[in-house]
Every structure is written in C-alpha cells, then in structure tokens.
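Residues per chain are reported as follows:
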Amino acid sequence: MGTLALLSACLLAAPPLTLDDALAAATKRNADLALARLDRETAAVDVRQSYQGVLPRLDLTGGFGRLFVGETEEVTVVSNPTPPPDFVRSAVSVPASDFGDYRYNLALSWTLFDGLASWNLIASSRTRSAAANRQLDESTLRVAFEVTRRFYELVKQQRALEVRRETAALSEELVKRADALFSAGRGTKADTYAARVNLGND
C-alpha cells in the first residue's frame, strides 16, 4: 500500500498538507478504493439488467434495398382457334423490373411466468449490489483510518524532530558558554567536556 509514501511526499510538498487534503488524495488515488468503486458500479449495472426478464420488450427491426428481376419469357399453351382443333405455343416476353424493397417489423414480448427465475435473479443482483456498497464503505473507512493514523504519526515525528533540534541548539549554546567561562577562568575543563557530551547525546 503506497499510502505512507504518498502521505510523506505530500507533507514534503510546498504548502503544508492538512489531514483533509491527505484523506482526499488517498481517496482519489488508492487502488483498493478504485476497485471497490468499480465493483459497486458493475453491481448497479447488473441490478438494472436483471429486470429485463420481467419487463415487456419491444423490438423494432427494419431493412431496405432494391429488388431486380431480369427480362423473362413465358411460354403458354393455348387452343388453336383455326381448324383443325389443336394447341399451339404462345411466347410472351416479360420486361425487366427494378423496384424498392422496404420491410419493417415491430414485435412486443412479455414473459408472464418463468418459474420465478427472473425474480430470483433480481434478488441476487440486489444482494450483490448491497454487498458491493458495504465493501466500498468498509474500504473507505479502512483507508481513512490508516491515513489518519499515519498522518498523526508523521506529525508527531516532526514535532519530536523540532524539539530535538531546539534541544541541540540549546546544548550548542551551553557549549559556547562553557568554553567562554573556561577561557575567562571562571569555569572548569570538566564543564566544557560535560557540555559537549550533552550536545553529542542531543
């Protein structure tokens, strides 16, 4: 988890980082929270799709184009009106044709009973959605707790560092005073050694 690295980098940035800023940055960049949000969105989509089994469905289909029929010749057998009575063949030419072909279809379907399968799917989808919401809440609280804990730990370390720096500065001042008193003949060499030992410890 890169929360501590992110928190440290933000605290070392130019403007001082507040706890609210740290929480906002962690909420925006945390990978666990991103996955939890994605799971919640996916579960919400599944809930909406689960209702397709109990809602009416209206389908509209259509197509268009052109139909071309080439020139044909039809031969029919007809009675010969002149004697002797017999039959003759008569050829009739049918010219080519080209016309538009448009088709539309509108179908309404509604499943009245499917053995409660659709309602069971809706119930399970709602359960998964509720679980995803709880998981997101839990991840958000966990990240917020961890960021808050590390933020105050880092602030405590910074305050301790400032105290140590002030203590070291005071010890350095005491070393200068001990050296000055020793040089003036008003202090002992042991005092200067003790002041330097305290400075080293600080």
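S.K.: Which parts of the structure should I look at to understand the overall build of the protein chain?
M.R.: Along the backbone of the protein chain there are five helices and four strands. Put simply, the protein chain runs from its N terminus to its C terminus through helices and strands in the order α-α-α-β-β-β-β-α-α. Here the protein chain holds 202 residues, and the buried ones make up 18% of them. Partitioning the intrachain contacts of the protein chain with sequence separation of at least 6 by distance along the chain shows that 68% fall at a separation of at least 24. With an accessible surface of roughly 15400 Å², the protein chain has 59% of that area assigned to carbon and sulfur atoms.

S.K.: Mind showing me how you'd approach the nonpolar core here?
M.R.: Most often, soluble globular proteins keep nonpolar side chains buried together rather than apart. The biggest cluster of nonpolar side chains holds eleven residues, and these are L17, L19, A22, A26, L33, A36, L136, V143, V147, F151 and V155. Taken together, the elements giving at least two residues each to this core come down to α2 (19-29), α3 (31-50) and α4 (117-183). Per-element tally for this core: the top contributor is α4, with five residues.

S.K.: Whenever I open this one, the packing of aromatic side chains confuses me. Can you help?
M.R.: What characterises a pair of aromatic rings is the spacing of the ring centres plus the angle enclosed by the ring planes. One pass over the structure, following the stated rule, counts one aromatic pair. Ring geometry for F151 versus Y152: centroids 5.7 Å apart, planes at 85°, classification edge-to-face. Residue classification places F151 among the buried positions, given a relative accessible area of 8%. Taking relative accessible area as the criterion, Y152 reaches 49% and is therefore assigned partly exposed.

Rules used throughout
Residues numbered from 1 in each chain as written. Predicted model: local features only at pLDDT ≥ 70, side-chain atom pairs only at ≥ 80, totals over all residues. Heavy atoms only, no water. Helix = DSSP H or I, 4+ residues; strand = E, 2+ residues; numbered from the N terminus. Buried < 20%, exposed > 50% of the residue type's maximum accessible area, 1.4 Å probe, protein only. Contact = heavy atoms within 4.5 Å. Areas by Shrake-Rupley, 256 points an atom, 1.4 Å probe, with all protein chains shown as cover. Core = buried A, V, L, I, M, F, W, Y, C linked by side-chain atoms within 4.5 Å. Phe/Tyr/Trp six-rings, centres within 6.5 Å; stacked < 30°, edge-to-face > 60°.

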